[in-house]
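# Coordinate analysis (summary)
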Amino acid sequence: MVWRRMSRLQRNIISMSLAVGVVVSIYILLHRKTSTGRQDPMNQPPWGQIGVDYFHFENDVQQRNGNVGGKKDETVIDGPGGPDIANQGDQDNRVDEPVIHQPAGGDDDDGEDDNVDKIANERPNKSQPKYGPQNEKQEAIVAAFKHAWKAYKAYAWGHDELKPVSKSWNEWFNLGLTIVDSLDTMIILGLEKEFKEARDWVANDMNIKPRKDVNLFETTIRVLGGLLSAYHLSDELVFLEKAKLLGDELLPCFNSKSSIPFADINLMTGVAKAPKWGPDSTVSEVTTIQLEFRDLSFTTGDMKYKKAVDKVSKHIHNLPKESGLVPIFINANTGQFRARSTITFGARGDSYYEYLLKQWVQTSKSEQMFVDDYLEAMAGAKEKLVRTSEPNKLTFVGELLSGDRFSAKMDHLACFLPGTLALGYKNGLDEWHLQLAKDLMHTCYQTYAFTATKLSPEISHFNMVPGARTDDIIIKPADAHNLLRPETIESLLYLYRITGDKFYRQWGWEIFQAFERHTKLPYGYSSISNVQNAKNPGIRDKMESFFLGETLKYLFLLFSDDKDLFPFEKYVFNTEAHPLPVRDFLGKAVQ
Ligand code: DMJ
């Protein structure tokens, strides 16, 4: 009745309003469903299915950018504490098949303006773990760090590395490498005073544009990674601001004819080029910058960093390979691998494989390309590179010289592999990955236990001839040095956490004690020249920044009983041991 008495105009207005109301309600209902689903990213359908991609994440960041100034200014570093629970392997989380998602897409060539020139106000993990030592062993590691730091501060402050014998310093990139590499270690070890001094140096004295050729890879993993991790752990914007500046300065490296970056760049002039020693870039270097650049994009909301490194990954993915294994050199102009270059899990090859797995993990297993390439490479390594020695059947990973000639040589650098294999197993890859991880871990430990100093040489050769009158491990004089490297300790951390087997801790402790015996000096720690001479190992007068950034950090974590201290579900360690948040399908840090 009422309806009939209305004019046509009134009826049209009411009909239109009802129609709009229905459409709005449906939209709100759909939107709510999506939001609820975001809370458990590991169980989400692939991005393609729900139509969410990085571009939408950028919008999300833009909205959140409203409160840039909202960050707190004080770093929270808790004292000792934490529950006494060993972080046992979490078999329950395993799945039989790798999780297969569709490619991320969304940010490339979409015609949209991807640049968001603001800093996102986001945290990787709201509930902070307890930092600082919880037991005697961790206290000993903190004491080692303090000893090294005191000397660095006294004799090398603001320079790249300490020379502990001559009580002076060494400059490599003019970026204060030891300070930046150590920032997150100091947070984790609970060294608040030292951290604040370092933070002040970064804020007031760090020059992001030194007149110096720097290596893209080293600067990315140590400095960019160090700054990003320090930001995530401390919430202090100064680190993100510096990271963004540095990311911008490094971008000209990618202006090559192919998408492959040049190895070096002068940070003051912005001129990028091939390294001084040859025409090519190193494969592990151009493929070990992606975790950091992707994190910089997710954290700032500016996708240009991610875009640059995604192109590299896609390019390398599309190149033909032998059983998933890569040669160690690639030309930035042609974009082609150098023919007949060595295939190795050691120097110049190593972290290509590490970052395949870790990028898959960082993106909550959503980027299929990485795990496909990783699985092919691990199967290829098993077939072509993994062998056993005589007489004790130590499993090792060798090399293919000129791409096809097997050499029973294993760099200490390759001892990252047990940890990576174990991480793959933890993320659902086959049981044999863990078995191989255990076998290689044992061998890496033997390269320490076997020597006079109980420290590993830089390179080990293995005897494969049955009945030969030699040990399994052969150390050539030129390879007998030890640079305080972290890879074995790093893998021990993964193996311990994932299997719960306590002997991995014991091995780590033995190695730490050997460092204390043979590399500790009155002023800091030093690389040594001969691990086979316990009386006179030949002090080299150099303390690498990764001793503080990686070796001591991994040791500290190995002895932590706190299962919430950087769980592998929430953090992925870059190749320089800087923890970065695992991201969900929106690019947000997994909580
Ligand atoms: C570090 O800079 C990194 O771990 C890199 O991946 C390999 N070399 C050193 C440590 O050995």
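Residues numbered from 1 in each chain as written. Predicted model: local features only at pLDDT ≥ 70, side-chain atom pairs only at ≥ 80, totals over all residues. Heavy atoms only, no water.

### Brief notes about the overall build of the protein chain
Using the following cut-off: Every helix listed is a DSSP run of H or I at least four residues long, and every strand listed is a run of E at least two residues long, numbered separately from the N terminus. Relative accessible area decides the class of each residue, using a 1.4 Å probe on protein chains only: under 20% of the type maximum gives buried, over 50% gives exposed, and in between gives partly exposed. Here a residue-residue contact requires only that any non-hydrogen atoms of the pair lie within 4.5 Å. The accessible surface values rely on the Shrake-Rupley method and a 1.4 Å probe; as for residues, cover is taken only from the protein chains in view.
If you tally the helices and strands in the protein chain, you get 19 helices and 18 strands. Buried positions account for 59% of the 591 residues belonging to the protein chain. Contacts in the protein chain between residues at least 24 apart in sequence constitute 73% of all its contacts with a sequence separation of at least 6. Surface accessibility of the protein chain: about 23,400 Å² in total, with carbon and sulfur atoms responsible for 51%.

### Points about the site of the ligand
Rules: Whether a residue is near a molecule or strand is decided by its heavy atoms; if any one of them lies within 4 Å of it, the residue is near. Pairing of N or O atoms within 3.5 Å defines a polar contact, subject to two protein rules: one partner must be a possible hydrogen donor and the other a possible acceptor, and residues neighboring in sequence count only if both atoms are side-chain atoms.
With respect to spatial proximity, the complete set of residues near the ligand consists of Ile 221, Arg 222, Leu 413, Arg 485, Pro 486, Glu 487, Phe 546, Glu 550, Thr 575 and Glu 576. At 2.7 Å, a side-chain N or O of Arg 485 approaches an oxygen atom of the ligand. Bound to the protein, the ligand loses 93% of the 290 Å² it would expose on its own. For the shell around the ligand, the secondary-structure elements that each account for two or more residues are helix H8 (216-234) and helix H19 (545-558).

### Structural notes on the nonpolar core
How we decide: Put simply, a nonpolar core is a bunch of buried Ala, Val, Leu, Ile, Met, Phe, Trp, Tyr and Cys residues held in one set by side-chain atoms that sit within 4.5 Å of each other.
By size, the foremost hydrophobic cluster in this structure holds 155 residues, and its most contacted members are Leu 227, Phe 254, Phe 293, Phe 345 and Tyr 353. If one sorts the elements of this core by residue count, H8 sits on top with 10 residues. Residues within four places of Phe 345 in sequence aside, it is in contact with Leu 325, Asp 350, Tyr 353, Met 378, Ala 381, Leu 385, Val 397, Leu 413, Ala 414, Phe 416 and Leu 417.

### Topic: the packing of helix H11 (residues 290-300) against helix H12 (residues 304-318)
For clarity, the cut-off: Lines are fitted to the C-alpha atoms to define the axes, a helix being fitted only along its stretch in contact, and any angle between axes, read from their N-to-C directions, falls within 0 to 180 degrees. Here is the rule for angles: anything less than 35 degrees is roughly parallel, anything more than 145 is roughly antiparallel, 65 through 115 is roughly perpendicular, and the remaining ranges are oblique. Crossing handedness is defined as follows: a turn of the near helix away from the far one that is anticlockwise and smaller than a right angle gives a left-handed crossing, while the clockwise case is right-handed. Amino acids are sorted into nonpolar (Ala, Val, Leu, Ile, Met, Phe, Trp, Tyr, Cys and Pro), charged (Asp, Glu, Lys and Arg) and polar (every other residue, Gly among them).
For the pair H11 and H12, interaxial distance at closest approach is 7 Å and the crossing angle is 150°. As far as their axial angle goes, H12 and H11 are roughly antiparallel. The handedness of the crossing between H11 and H12 is left-handed. In this structure, H11 contributes Gln 290, Phe 293, Arg 294, Leu 296, Ser 297, Phe 298 and Thr 300 to the contact, and H12 contributes Lys 304, Tyr 305, Lys 306, Val 309, Asp 310, Val 312 and Ser 313. Of the residues belonging to the contact of H11 with H12, the class tally is 6 nonpolar, 4 polar and 4 charged.

### With respect to the packing of aromatic side chains
Note the threshold: A pair of aromatic rings is counted whenever rings of Phe, Tyr or Trp (Trp by its six-membered ring) have centres within 6.5 Å, and the orientation is called stacked for planes under 30 degrees apart, edge-to-face for over 60 and tilted otherwise. Consider the ring centre and the ring normal. A charge sits over the ring if Lys NZ or Arg CZ is within 6 Å of that centre and within 35 degrees of that normal.
As enumerated under the stated definition, the model contains 28 aromatic pairs in all. Look at Trp 149 and Trp 157: their rings are 5.8 Å apart centre to centre, the planes differ by 90°, and that puts the pair in the edge-to-face class. Where Tyr 155 meets Tyr 523, the ring centres are 5.4 Å apart and the plane angle is 90°; that geometry is what we call edge-to-face. With Tyr 155 in helix H5 (residues 136-155) and Tyr 523 in the loop between strand E15 (520-521) and strand E16 (524-525), this pair connects stretches of sequence that are 368 residues apart. Accessibility expressed as a relative area gives 27% for Tyr 155, which makes it partly exposed. A connected cluster of aromatic rings, assembled from ring pairs, spans Tyr 131, Tyr 554, Phe 566, Tyr 571 and Phe 573. Lying over the aromatic face of Trp 509, Lys 137 brings its terminal NZ or CZ to 5.0 Å of the ring centre.

### Re helix H17 (residues 487-499)
Using the following cut-off: Expected helix span is taken as 1.5 Å per residue step, with the number of steps being one fewer than the number of residues.
With 13 residues, H17 ought to run about 18 Å at 1.5 Å a step, and its terminal C-alpha atoms sit 18 Å apart, in line with that. In terms of residue burial, H17 counts as a mostly covered element, since 13 of its 13 residues are buried. Following H17 by one or two positions, Gly 500 has its phi on the positive side, about 75°.

### Regarding the pairing of strand E13 (residues 459-462)
For clarity, the cut-off: Pairing between two strands is assigned when DSSP locates at least 2 bridges connecting them.
Residues of E13 alternate between two faces, with Ile 459 and His 461 on one and Ser 460 and Phe 462 on the opposite face, all of them buried. Here strand E12 (residues 409-411) pairs with E13 via 3 bridges, running antiparallel. Counted as the bridge partner of Met 410 is Ser 460 from E13.

### Quick word on the pattern of salt bridges
Convention followed: Criterion for a salt bridge: a side-chain nitrogen of Lys or Arg within 4 Å of a carboxyl oxygen of Asp or Glu.
Under the definition given, this model contains 31 salt bridges. Taken together, the shared-partner salt bridges connect Lys 244, Asp 248, Asp 302 and Lys 304 into one network.

### Describing the confidence of the model for the protein chain
Let me state the cut-off plainly: Note on scores: pLDDT gives the predictor's confidence for each residue, bounded by 0 and 100.
Within the protein chain, residue pLDDT values average 85, and 81% of them lie at 70 or more. Between residues 28-126, whose pLDDT stays under 50, and residues either more than four places distant or in other chains, the model counts 205 contacts.

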